[in-house]
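Coordinate analysis (summary)
Spelled out, the chains give:
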Amino acid sequence: MGKHFFDYDDGDFAHTISDNMAIDSDGDLLMRMGDNMAMDMDSGELHIISGWSDDEDDD
């Protein structure tokens, strides 16, 4: 956790707060929809992002 990514639609950086949730620099809550897509929880809009990678270790 604690990864950063760029939201191309808003021009903001976002910081993950869980495996599926993030908050951007404007305070908007984002929910992960895929590796390169997130939904703005306030507006319902889909945003293209730079990448939301998994932090799972392959042991």
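Structure: see above.
Everything in this summary refers to the structure shown in the same document. (Residues numbered from 1 in each chain as written. Predicted model: local features only at pLDDT ≥ 70, side-chain atom pairs only at ≥ 80, totals over all residues. Heavy atoms only, no water.)

**Observations regarding the overall build of the protein chain**
Across its full length, the protein chain holds zero helices and six strands. Across the 59 residues that make up the protein chain, the buried fraction comes to 27%. When contacts within the protein chain are restricted to residue pairs at least 6 apart in sequence, those whose partners lie at least 24 apart make up 23%. (Helix = DSSP H or I, 4+ residues; strand = E, 2+ residues; numbered from the N terminus. Buried < 20%, exposed > 50% of the residue type's maximum accessible area, 1.4 Å probe, protein only. Contact = heavy atoms within 4.5 Å.)

**Considering the side chain of D7**
As for its placement among the helices and strands, D7 is situated in strand 1 (residues 4-7). Buried within the structure, D7 lacks any salt-bridge partner; R32 is the closest side chain of opposite charge, at an N-O distance of 14 Å. Setting aside residues no more than four positions away along its own chain, D7 makes contact with D12, L30, H47, I48 and I49. (Lys, Arg positive; Asp, Glu negative; His and termini not counted. Salt bridge = Lys/Arg side-chain N within 4 Å of Asp/Glu carboxyl O.)

**Here we look at the sheet that holds strand 6 (residues 46-48)**
The six strands are arranged 1-2-3-4-5-6 in an open sheet whose pairing can be described as antiparallel. Of all the strands in the sheet, the pair left with one neighbour each is strand 1 and strand 6. Across the sheet, the mean angle separating the axes of adjacent strands is 40° when strand polarity is ignored. Strand direction decides the pairing type here: strand 4 (residues 29-34) and strand 5 (residues 37-40), joined by four bridges, are antiparallel. Directly across from M31, in strand 5, lies its bridge partner M39. (Pairing = 2+ DSSP bridges. Axes fitted to C-alpha atoms, helices over the stretch in contact; angles between N-to-C directions.)

**Looking at a nonpolar patch on the surface**
A cluster of nonpolar side chains, contributed by Y8, M33, M37, L46 and I48, occupies part of the molecular surface with about 470 Å² of accessible area. With respect to the secondary-structure elements, L46 resides in strand 6. (Patch = residues over 30% accessible without salt bridge, like charges linked within 9 Å, V, L, I, M, F, W, Y side chains within 5 Å. Areas by Shrake-Rupley, 256 points an atom, 1.4 Å probe, with all protein chains shown as cover.)

**So, the environment of F5**
Along the chain, F5 turns up in strand 1. Between the C-alpha atoms of F5 and S50, which are 45 residues apart in sequence, the distance is 5.7 Å. Setting aside residues up to four positions removed in sequence, F5 forms contacts with D12, F13, A14, T16, A22, L30, I49, S50, G51 and W52.

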